[in-house]
Amino acid sequence: MFLTISALALLGLFLALLLRFRALGVGAAAVAVLFGFYLSRTGAADAIDQIMSALGSAIHNIGG
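Read on for a plain summary of the structure. (Residues numbered from 1 in each chain as written. Predicted model: local features only at pLDDT ≥ 70, side-chain atom pairs only at ≥ 80, totals over all residues. Heavy atoms only, no water.)

**Points about the overall build of the chain**
Now for step 1: Scanning the chain from terminus to terminus reveals three helices and zero strands.
Now for step 2: Surface exposure of the chain reaches about 5,600 Å², of which carbon and sulfur atoms provide 71%. (Helix = DSSP H or I, 4+ residues; strand = E, 2+ residues; numbered from the N terminus. Areas by Shrake-Rupley, 256 points an atom, 1.4 Å probe, with all protein chains shown as cover.)

Right, here's the structure in full:
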């Protein structure tokens, strides 16, 4: 059985853990969230999506 988790969920979890362990302040977290939100609305969103898909495929192929 393969478990797939979206990159958005993983990044959200990572951001939540950074906040939980106070490795990232609330202000920096807000900037990170806003940066991601505005980045998704630019022309770079397609290129980033392609890179993340390629990385996901590469990781999947390494696993077998």
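**Some words on a nonpolar patch on the surface**
Now for step 1: A surface patch of nonpolar side chains, amounting to about 350 Å² of accessible area, comprises Ile-48, Ile-51, Met-52 and Leu-55.
Now for step 2: Tracing the chain through its elements places Leu-55 in helix α3 (residues 44–63). (Patch = residues over 30% accessible without salt bridge, like charges linked within 9 Å, V, L, I, M, F, W, Y side chains within 5 Å. Salt bridge = Lys/Arg side-chain N within 4 Å of Asp/Glu carboxyl O.)

**Digging into the packing of aromatic side chains**
Now for step 1: For the coordinates displayed, the defined rule picks out zero aromatic pairs.
Now for step 2: The residue whose ring lies beneath Arg-20 is Phe-21, and the NZ or CZ to ring-centre distance is 6.0 Å. (Phe/Tyr/Trp six-rings, centres within 6.5 Å; stacked < 30°, edge-to-face > 60°. Lys NZ or Arg CZ within 6 Å of the ring centre and 35° of its normal.)

**Some details on unusual backbone geometry**
Now for step 1: The backbone phi angle of Arg-22 is positive, close to 55°, even though this residue is not glycine.
Now for step 2: Within the secondary structure, Arg-22 is located in the loop between α1 (7–20) and α2 (26–39).

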